[in-house]
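Okay, here's what each chain looks like letter by letter:
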Amino acid sequence: MLDSQATKTSPSLLYMVKQVELVVRSHLDELVRPAGITALQYTALTVLERHDGLSAAQLARDSFVTAQSIADLVRSLENRGLVRRERNPRNRRELLILLTDAGRQLLAQHAEPVRELEERMVRDLTAHQTEQFRQSLSKAWHALS
């Protein structure tokens, strides 16, 4: 049980998660700005790197953006040559979004700086604590999904 005094003085976990999200997004925006993309666009590219050929709805869900905003995001990435759209052979009405070679190259160029950012975020944690943190975040996400 949480100590009532600690509850009064400590920020909520929701607040702390949001703080981490905002600072990570700010640093990520700084890292990818020279490439002419945003942190949200970078996130969408990393989703496609793991699961290429998603529908817009799937990409929106996995990239943490609304279905409405994914259209603009994909259009911008497509105009930059980082993604392409093609008809789903199993459902001709659906367009799939695929990562291009230029998109893969952009991700490769940013892999090391992004890895360093993640390392910086957990530098005061042991390897075991980092893995526990990863598992805890995953469990928290699944509990709310």
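The structure we're discussing is the one just above.
Bear in mind the structure is a predicted one, so any value in this text is a computation, not a measurement.

Conventions we followed
- Residues numbered from 1 in each chain as written.
- Predicted model: local features only at pLDDT ≥ 70, side-chain atom pairs only at ≥ 80, totals over all residues.
- Heavy atoms only, no water.
- Helix = DSSP H or I, 4+ residues; strand = E, 2+ residues; numbered from the N terminus.
- Contact = heavy atoms within 4.5 Å.
- Areas by Shrake-Rupley, 256 points an atom, 1.4 Å probe, with all protein chains shown as cover.
- Lys, Arg positive; Asp, Glu negative; His and termini not counted.
- Charge placed at Lys NZ, Arg CZ, Asp CG, Glu CD.
- Pairing = 2+ DSSP bridges.
- 1 Å grid on protein atoms, 1.4 Å probe; cavity = no way out; pocket = protein on both sides within 12 Å on 5 of 7 lines; lining within 4 Å.
- Points joined across faces, edges and corners; volume = space filled by probe spheres on them.
- Nonpolar A, V, L, I, M, F, W, Y, C, P; charged D, E, K, R; others polar.
- Core = buried A, V, L, I, M, F, W, Y, C linked by side-chain atoms within 4.5 Å.
- Buried < 20%, exposed > 50% of the residue type's maximum accessible area, 1.4 Å probe, protein only.

Asker: Give a description of the overall build of the protein that names residues and reports values.
Answerer: Check the secondary structure of the protein and you find 7 helices and 2 strands. The helix and strand sequence of the protein, counted from the amino end, reads α-α-α-α-α-β-β-α-α. Referenced to the eigenvectors of the C-alpha coordinate spread, the extents of the protein come out at roughly 60 × 30 × 25 Å. A separation of at least 24 residues holds for 47% of the contacts in the protein among residues at least 6 apart in sequence. Taken as a whole, the protein presents about 10400 Å² of accessible surface, with 55% of it coming from carbon and sulfur. Distance between charge centres in the protein, computed from 20 positive and 18 negative side chains, equals 6 Å.

Asker: Describe the pairing of strand β2 (residues 91-99), and please don't skip the residues or the numbers.
Answerer: In the sheet, strand β1 (residues 83-88) pairs with β2 via 6 bridges, with the strands oriented antiparallel. Counted as the bridge partner of N88 is N91 from β2. Connecting the antiparallel pair β1 and β2 is a turn made up of 2 residues.

Asker: Got a sec to walk through the layout of surface pockets? Specific residues and values, please.
Answerer: As a volume, the largest pocket reaches approximately 2200 Å³. In this structure, the largest pocket is lined by 38 residues; those nearest its centre are E21, V24, F64, M121 and L137. At the level of elements, α2 (13-32), α3 (39-50), α4 (56-63), α6 (101-121) and α7 (127-144) are the ones that each hand at least two residues to the lining of the largest pocket. Taken together, V20, V23, V24, H27, L117, R120, M121 and R123 make up the lining of the second largest pocket. Among the secondary structure elements, those contributing two or more residues to the lining of the second largest pocket are α2 and α6. The biggest single contributor to the lining of the second largest pocket is α2, with 4 residues. Class assignment of the residues belonging to the lining of the second largest pocket gives a composition of 5 nonpolar, 1 polar and 2 charged.

Asker: Can you lay out the environment of L40 for me, pointing to particular residues and giving the numbers?
Answerer: With respect to the helices, strands and loops of the structure, L40 is situated in helix α3. Residues L40 and L28, 12 residues apart in the sequence, show an inter-C-alpha distance of 9.1 Å. Filtering out sequence-adjacent residues up to four positions away, L40 remains in contact with R25, V65 and L73.

Asker: Just give me the short version of the nonpolar core, but keep the residues and values in it.
Answerer: In terms of nonpolar packing, the biggest core is built from 25 residues, with I37, Y42, L45, L59, L77 and V83 touching the most fellow members. Of all elements in the fold, only α2, α3, α4, α5 (67-79), β2 and α6 reach the threshold of two or more residues within this core. Sorting elements by how many residues they give to this core places α3 first, with 6 residues. Discounting chain neighbours no more than four positions away, the residues touching L59 are A44, V47, L48, L54, I70, V74 and I97.

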